[in-house]
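As a plain string of letters, each chain reads:
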Amino acid sequence: MSVAKLRVFRGDSQGGEEKEYEVPVDEGMVVLDALFYIQANYDGDLAIRWNCKAAKCGSCSTEINGKPRLACKTRMDSFEEGETVTVYPIKAFPVIKDLVTDVSWNYEVSKKIPPFTPAEDTEWIMYQEDVERGQEFRKCIECFMCQNVCHILRDHNRKDAFAGPRFMIKIAEREMHPLDVLDRREFAREEAGVGFCNITKCCTEVCPEDIHITDNGIIPLKERVVDKYYDPLSWLLRKIKGK
Amino acid sequence: MANGTASKALTMRKDMWWVEPLITGVVLGAFGIYSTWRALSNQFYYTEPYLSPFYSPLLLLDWWPLSPAILILWAPLGFRATCYYYRKAYYRAYFFSPPGCAVKPVGKRGSYTGESSFPFILQNIHRFFLYASIVILLFLWIDSYEAFFFHDGMGVGVGTIVLTANAFLLTMYSFSCHSFRHLMGGNLDVFSKCPTRFRLWGAISVQNEVHMKWAWTSLVFVALTDLYVFLVANGTITDLRLI
Ligand code: SF4
Ligand code: SF4
Ligand code: FES
Ligand code: FES
């Protein structure tokens, strides 16, 4: 059995430091198991948020060797023998303790998104081809790693102006919904700040659900905003059609 | 609130994240230098029956004192400069915004506006460059057709294949465009009512997934096509007649 070295952030909102631990590696072990080992054998007060240990609840987001990853989905055998593995809390949100951060800002953003709005006389029939696009976005497990890696929130701290990729796909899902009649383009542009995204695709790179956040969510949303605000031809076409 | 020491470092990533933006920057830069030189040189762009794509359509204008390529290249150049893929590529490679995922971007914290204000808000006119590029594309197909007609009759030379492959790659690049995908069907909410546009959107989506691949192959190949015509036109090499 090999032994892995983990350097884990220990601290709170006031700051903190790395602490090194040695953990024996068993077959099939993931980083979350290593953290459990630390809790059981060294520091019982090491804080980590987790729930499913199956990459489905989105609780255990951390930064492993500098990359946003789910601790329960990152296998210990993916590291080189003898490599020191760093485990940090996600950077875009304030630390509560050790690896646990306060992600409540995200829930506040979520509340602002206009809900699904069907027409009053909706016929409740939908075909598979109409809902498929939205289904991709519904795979989201709200791990907020896309929010964390997005430089607009993480480094520029523009939480005042940009809702972040997770909520871009939420807006896109409703905007594209076959039975939804609300126009969310103004909301996307003015409130959610879709124009802030410079489509550098880090959100897509880290998404554990492999949602094509940029290609299928943000870019189509940007194109819809272009229809409304930046395309005189489609404006003219709408006028002619009387829409 | 910053999270411990993670906030002070450029990145905590240990992999070679800088390789990708470096290669991107070098290749794009090399293309920029080569195409500028060729566009301004105003010579060796035609050798019967081949016309360089940088000078297509052939413009022989008395009133224009400079290279005719300048009158043409704004369209493909603008198309690439505002392309959703290239935006990612050069924001990362040249603007360091960000240079890599979970790597600190350049810029003052709190002042970032991305594509929501000047100059990058101009990216929203991408679809107009698409329209202009489709016109240029038609001329490239005409050039490829004319490349089958030699002074002694019909035939196929290496140049014929080069020009045709170039037109093909640029077609794949143009028609896998995100704006094209949107305009052809992505702007619909209810696909089931427009089966033809749904199928079209589906076909474009398949190519859109590999838009980056088309972007690079067509970029490199258009330069090689011009280089081939240049070398044949100035007598460095002779075109091999295959049929
Ligand atoms: S593509 Fe846009 S939303 Fe996604 S990480 Fe980059 S800037 Fe943020
Ligand atoms: S979109 Fe992906 S990365 Fe973002 S919160 Fe949902 S599952 Fe996580
Ligand atoms: S514990 Fe649920 S996603 Fe990791
Ligand atoms: S050409 Fe790349 S997105 Fe339009």
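Residues numbered from 1 in each chain as written. Chains lettered and ligands numbered in written order. Predicted model: local features only at pLDDT ≥ 70, side-chain atom pairs only at ≥ 80, totals over all residues.

### Considering the overall build of chain A
When helices and strands are counted, chain A shows 10 helices and 7 strands. Seen through its C-alpha atoms, chain A measures out along the principal axes to roughly 70 × 35 × 30 Å. For chain A, the share of sequence-separated contacts (at least 6 apart) that also reach a separation of at least 24 residues comes to 63%. (Helix = DSSP H or I, 4+ residues; strand = E, 2+ residues; numbered from the N terminus. Contact = placed C-beta atoms within 7 Å.)

### Quick word on the site of ligand 2
Around ligand 2 lies a shell of 16 residues, among which Cys 140, Cys 143, Cys 146, Arg 166 and Cys 207 of chain A are the nearest. Where the shell around ligand 2 is concerned, the elements lending two or more residues are α4 (145–149) and α6 (165–175) of chain A. (Near = placed C-beta within 6 Å.)

### Structural notes on the interface of chain B and chain A
In this assembly, 44 residues from chain B lie in contact with 51 residues from chain A. Going through the elements one at a time, α3 (84–93), α6 (178–186) and α7 (195–208) of chain B are the ones with two or more residues in the side of chain B that touches chain A. Residue composition of the side of chain B that touches chain A, by class: 15 nonpolar, 19 polar and 10 charged. (Nonpolar A, V, L, I, M, F, W, Y, C, P; charged D, E, K, R; others polar.)

### With respect to the packing of helix α3 (residues 128–138) of chain A against α6 of chain A
Axis angle and axis distance: for two packed helices, these are the angle between their axes and the distance between the axes, and together they describe the pair. All names here are of chain A. Close contact between α3 and α6 brings their axes to 9 Å; oriented N to C, the two are set at 160°. Of the possible angle classes, the one that applies to α3 and α6 is roughly antiparallel. Two packed elements cross with a definite hand, and for α3 against α6 that hand is left-handed. Here Gly 134, Phe 137 and Arg 138 of α3 come into contact with α6, specifically with Ile 169, Lys 170, Ala 172 and Glu 173. For the contact of α3 with α6, the per-class residue count stands at 3 nonpolar, 1 polar and 3 charged. (Axes fitted to C-alpha atoms, helices over the stretch in contact; angles between N-to-C directions. Parallel < 35°, antiparallel > 145°, perpendicular 65-115°, else oblique. Left-handed = near helix turned anticlockwise from the far one by under 90°.)

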